[in-house]
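The residues making up each chain are set out below.
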Amino acid sequence: MLVVREEQMRVLAAAQRQRFEDRCVRLILDEWAETHAGYTADEVRAEVRGLLEAGTVWGFHTERERYRLVNLGGLLCLGFQRVPARAWAVALLADTFVPVDERIEAVLAYAETRRAR
């Protein structure tokens, strides 16, 4: 019985992760369509997965935190964590001594100052 329960939980968790990933892909395709016009849905999904993996390393654990991170990826560009010109964003996001929401707000503020130049 315990083995069946563990398997059920694993399947349910995988389905929940898939639904969340689907929401993140839709966020990019719907809200950031102009910025990411050249991406296919599969490319967006691959980039979202990569960003979510990076977010886990950076301490982004709740769905809310992770969704905000993907939205930030829409603003900065998908794959920003691999772009040398966006190293400043990675440095801010990876600072686990700062609460997640403050890190996101710092990146948004800094991005705004860069855009204003």
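Right above here is the structure, for reference.
Quantities reported herein were computed from a predicted structural model and do not represent experimental measurements.

Draft legend 1. Local environment of the overall build of the protein. Along the protein, the regular secondary structure elements total five helices and zero strands. For the protein, the α and β elements follow one another from N to C terminus as α-α-α-α-α. Each of the three principal axes of the protein carries a C-alpha extent, and together these read 60 × 35 × 20 Å. Here the contacts in the protein between residues at least 6 apart in sequence split such that 56% fall between residues at least 24 apart. Summed over its atoms, the accessible surface of the protein is roughly 7400 Å², and 57% of this surface lies on carbon and sulfur atoms. Here the protein holds 17 positive side-chain charges and 18 negative ones, and the gap between their average locations is 1 Å.

Draft legend 2. Expanded view of the nonpolar core. Formed by 26 residues in total, the largest nonpolar core has its most connected members in V48, W58, V70, L76, F80 and L93. Those residues in contact with W58, other than ones at most four positions away along the chain, are L51, L69, F80, Q81, V90, L93, A94, T96 and R103.

Draft legend 3. Representation of unusual backbone geometry in the model. Positive phi values are uncommon outside glycine, yet C77 reaches one of about 125 degrees. Within the fold, C77 resides in the loop between α3 (63-76) and α4 (87-93). Assessed through its relative accessible area of 24%, C77 is described here as partly exposed.

Draft legend 4. Structural context of α3. Its 14 residues give α3 an end-to-end C-alpha distance of 20 Å, which sits within 8% of 20 Å, the value for a rise of 1.5 Å per residue. Along α3, the positions that sit buried rather than exposed are E65, R66, L69, V70, L72, G73, G74 and L76. Looking at the residues trailing α3, positive phi occurs at C77, about 125 degrees.

Draft legend 5. The arrangement of the side chain of E65 in detail. Tracing the sequence through the fold places E65 in helix α3. Apart from residues no more than four positions distant in its own chain, E65 is found in contact with G59, F60, V100 and I104.

Draft legend 6. How the structure looks around the environment of G59. Relative to the assigned elements, G59 resides in the loop between α2 (41-57) and α3. Here the alpha-carbon distance between G59 and W32, two residues 27 residues apart in the chain, equals 24 Å. Once residues lying within four places of it in the same chain are set aside, the contact partners of G59 are E65 and V100.

Conventions and cut-offs
Residues numbered from 1 in each chain as written. Predicted model: local features only at pLDDT ≥ 70, side-chain atom pairs only at ≥ 80, totals over all residues. Heavy atoms only, no water. Helix = DSSP H or I, 4+ residues; strand = E, 2+ residues; numbered from the N terminus. Contact = heavy atoms within 4.5 Å. Areas by Shrake-Rupley, 256 points an atom, 1.4 Å probe, with all protein chains shown as cover. Lys, Arg positive; Asp, Glu negative; His and termini not counted. Charge placed at Lys NZ, Arg CZ, Asp CG, Glu CD. Core = buried A, V, L, I, M, F, W, Y, C linked by side-chain atoms within 4.5 Å. Buried < 20%, exposed > 50% of the residue type's maximum accessible area, 1.4 Å probe, protein only. Expected span 1.5 Å × (residues − 1).

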